[in-house]
Amino acid sequence: MRVAVIGAGVIGLSTALCIHEQYHSLVPSLEVEVYADHYTPHTTSDGAAGLWQPYLSDHGNLQETLWNKETFDYLLQHLGSPAAKEMGLFLISGYNLFTQPVPDPSWKNIVLGFRNLTPKELELFPGYSYGWFNTALMLECRRYLPWLTNKLTQGGVKFFHKKVESFQEMFAQGVDVVINCAGMRAGELQPDPELQPARGQIIKVLAPWVKHFIVTHDVKSGIYNSPYVIPGSELTVLGGIYQPGNWNEENSAQDHKTIWENCCRLLPALQKAKIVEDWSGLRPARPCVRLERENIRHGHFQAEVIHNYGHGGFGITIHWGCAMAVARLFGSILQEKKLTSSPQPRL
Amino acid sequence: MAAPKVAVVGAGVIGLSTALCITETCPSCSVTVLSDQFSPNTTSDVAAGMLIPHTYPGTPIHVQKQWFKETFTYLFAISNSAEASEAGIHLVSGWQVFKNTPKEELPFWSDVVLGFRPMSEAELQKFPQHRFGQAFTTLKCDCPPYLLWLEKRLKATGVQVYTRKVADLWELHSEYNIIVNCSGIGACQLVGDEKLFPIKGQVLQVHAPWVKNFIRDGDGLTYIYPGIHQVTLGGTREKDIWSLSPDPGTIQDIFDRCCSLEPSLQEAQDIKVKVGLRPSRQSVRLQREVFRQGGLKLPVVHNYGHGAGGFSVHRGTAKEAAYLVRECIAALQGSSSRAKL
């Protein structure tokens, strides 16, 4: 049973790991393979700061809220383990700031210690009159992706450095199930007008005195178009660019200026920070995540594709819940093919 | 009297901040700092510099609270300015956890720090051996940066700074009109204060930049304080020990205690050991005294004995010391005895 995962960002690698962990002992013939033209540190995931935080509103999409929660709980469990540092996983506290009162987010009970900001805390942030404080998690992909890769390699999963041009190409090679984690370029494998780039740019700086994340929100300009500061284990990420429809992956001097000025105004202590580099990437934005099976006719056979893409700016936040959901769908496929006689593994 | 000459003895956080307050409160003074040790070799350099007050049994609580509030407000403004990184001041959030619920659930300083509240059940799950906890955000003063920044500000206002071991305050009487005694644990010898005693503390400084929150056991003995470049792990309290030698067995003990609070510290690198002697006293000695010898008078302002709480109250006590200096000046100017020049 050959399974090909297309894409080696956080979604592809975690999905591959989830499937491998759950089924390799149940299905002796299981061979998991990863195909990608970009690997860490050159994936979209590598540019993300790594803060676990969903968007403000789930738009009633309870499924995604559940996947977010599963991811947080899964990561929280790993916090105390020796692997945490290698995974790039750690706790971080911080602020979400608003210019007016807003309803509590869907994730208020998922994170730790969620509360409103006190008036004295708001004095730190002139121009913002309302906000939240909570403790969340950081998962730095520069470390997490190599950690996932290591675990996959140890499990015998094979990696291929190539750009897959079509699902057919995989089936023609004898792959039984394709897992489509192609992120931004899923549209090249199968057109999807709902998948659009949401361009982001960040500045990485050296500011180790910053210990909190600060995410500001401007209802008018929309998510992530308002300054944010996210301290990592080595560098601090400054951002606040979200440009739907912009495919340009080059750094923009104008965006750099916007980010720098806005972040320094937000946090004057940043003024002495040393700028290390800029980075731009395309968030694979979609009204909702595409996570579903699809039957594809391939000659006489019914070939299976499981889609798992369109995670926008919350891929890290939702990744494990999605990986588990894909693993469940994969389990159904195995049942249908009568490949597992034992009951589905408990999740 | 022409520009009163004030000598501040001691260049730890108390000496330097007191000197600075004197320049602000008494701009006509000429201020000189004298010390045998400067950063990075002062007691202050060993301290993590967390703004979490120590309670002095002999000082009224409202006074301690005022000192803390004064200090917090002062540093809060710096932390939110472009000078923050140079001064080494930054906000840090975290948890104080207790194995047994403390008698006093609300410490006197709970409304001075930010966002103080009891920890939630979910937060406490991270600390299986602890049953109760408090979450809050406070400030940290990293040393050496803070002391170096204070020194820089002093020199910018024309304060002279000299390395000099003062064995007796009377040595200074011919050069200075007023002496400010910020000699910390040195006051035992310098002014023979028998109420002052050392409490030796040992800490580890490690490289663990993923630790962004502080964790402190309510017993005050085990703590993890993330600074700009390193995390301070503590600690120990040994009363009446004068030795500055680190104890090797203690290194492992501190490390183990901290790892049980924060397991990821197992991966910490570059472990360094530091030892300091907390200049401990039932109350901070913050008062005027006139030394007399023969027909000579020497006004002295004492500001020492801050024990484990120096950083938390330094600015508040420095300001009070500066007011006492002003009183000394007024007394000298109003006095009918021979003015010293």
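Residues numbered from 1 in each chain as written. Chains lettered and ligands numbered in written order. Predicted model: local features only at pLDDT ≥ 70, side-chain atom pairs only at ≥ 80, totals over all residues. Heavy atoms only, no water.

- Under an unreviewed UniProt entry, chain B has the name D-aspartate oxidase and belongs to Cuculus canorus.
- Entered under Function (unreviewed entry) in the UniProt record, the comment concerning chain B runs "Selectively catalyzes the oxidative deamination of acidic amino acids. Suppresses the level of D-aspartate in the brain, an amino acid that can act as an agonist for glutamate receptors. Protects the organism from the toxicity of D-amino acids. May also function in the intestine." (UniProt positions renumbered as here; feature names shortened; annotations may be inferred.)

- Chain A is annotated in an unreviewed UniProt entry as D-amino-acid oxidase of Cuculus canorus.
- Quoted straight from UniProt, the Cofactor (unreviewed entry) entry for chain A says "FAD".
- The record held by UniProt for chain A lists under Sequence similarities (unreviewed entry) the comment "Belongs to the DAMOX/DASOX family."

**Topic: the UniProt feature "binding site: D-dopa" (unreviewed entry) in chain A**
Residues and elements named next belong to chain A.
Logical step 1: UniProt's feature table lists "binding site: D-dopa" (unreviewed entry) at Q53 and H217, given in the numbering used throughout. Across 165 residues of sequence, these annotated residues stay compact in space, with a maximum C-alpha separation of 13.1 Å.
Logical step 2: Looking at the element boundaries, Q53 is found in the loop between α2 (44–47) and α3 (62–78).
Logical step 3: Beyond its immediate stretch of four places on either side in the chain, Q53 contacts N96, W107, F213, V215, H217, Y224 and T317.
Logical step 4: In this fold, H217 is placed in the loop between β9 (212–216) and β10 (228–231).
Logical step 5: Polar side-chain contacts of H217 include one of 2.8 Å to the side chain of N96. (Helix = DSSP H or I, 4+ residues; strand = E, 2+ residues; numbered from the N terminus. Contact = heavy atoms within 4.5 Å. Polar contact = N/O pair within 3.5 Å; in protein donor to acceptor, adjacent residues only side chain to side chain.)

**Details of the UniProt feature "binding site: FAD" (unreviewed entry) in chain B**
Residue and element names in this part refer to chain B.
Logical step 1: UniProt records the feature "binding site: FAD" (unreviewed entry) for T43, S44 and V166 in the present numbering.
Logical step 2: Mapping T43 onto the fold places it in helix α2 (residues 43–46).
Logical step 3: With relative accessibility at 36%, the residue T43 sits in the partly exposed group.
Logical step 4: Relative to the elements of secondary structure, S44 occurs in helix α2.
Logical step 5: You can call S44 buried: its relative accessible area is 9%.
Logical step 6: At 2.9 Å, the side chain of S44 forms a polar contact with the backbone nitrogen of V13. (Buried < 20%, exposed > 50% of the residue type's maximum accessible area, 1.4 Å probe, protein only.)

**Some details on the packing of helix α1 (residues 10–23) of chain A against helix α10 (residues 315–336) of chain A**
All names here are of chain A.
Logical step 1: Viewed as axis vectors pointing N to C, α1 and α10 meet at an angle of 45 degrees, and their least axial separation amounts to 8 Å. Judged by the inter-axis angle, α1 sits oblique to α10. Here α1 runs over α10; the crossing is right-handed. Residues V10, I11, S14, T15, C18, I19, E21, Q22 and Y23 of α1 touch α10, and the partners they reach there are G315, I316, H319, W320, A323, M324, V326, A327, R328, F330, G331 and L334.
Logical step 2: A class-by-class count of the residues in the contact of α1 with α10 yields 13 nonpolar, six polar and two charged. (Axes fitted to C-alpha atoms, helices over the stretch in contact; angles between N-to-C directions. Parallel < 35°, antiparallel > 145°, perpendicular 65-115°, else oblique. Left-handed = near helix turned anticlockwise from the far one by under 90°. Nonpolar A, V, L, I, M, F, W, Y, C, P; charged D, E, K, R; others polar.)

**Here's the deal with the interface of chain B and chain A**
Logical step 1: Listed as interface residues are 37 residues of chain B and, on the opposing side, 29 residues of chain A.
Logical step 2: Summing both partners gives a buried area of about 2,900 Å² for chain B against chain A, and 61% of it is carried by carbon and sulfur.
Logical step 3: Sorting the residues of chain B by area buried against chain A places B:N80, B:W210 and B:K212 first, and these three jointly supply 22% of that buried surface.
Logical step 4: Summed over the shared surface of chain B and chain A, the number is one salt bridge.
Logical step 5: With a closest N to O distance of 4.0 Å, B:E86 and A:K272 form a salt bridge.
Logical step 6: Here chain B and chain A share eight residue pairs in polar contact (both at pLDDT 80 or more) between them.
Logical step 7: Broken down by secondary-structure element, the contributors of at least two residues to the side of chain B that touches chain A are α3 (61–79), α4 (84–87), β3 (89–98), β4 (114–118) and α5 (121–124) of chain B. (Buried area = accessible area lost by both parts, 1.4 Å probe. Salt bridge = Lys/Arg side-chain N within 4 Å of Asp/Glu carboxyl O.)

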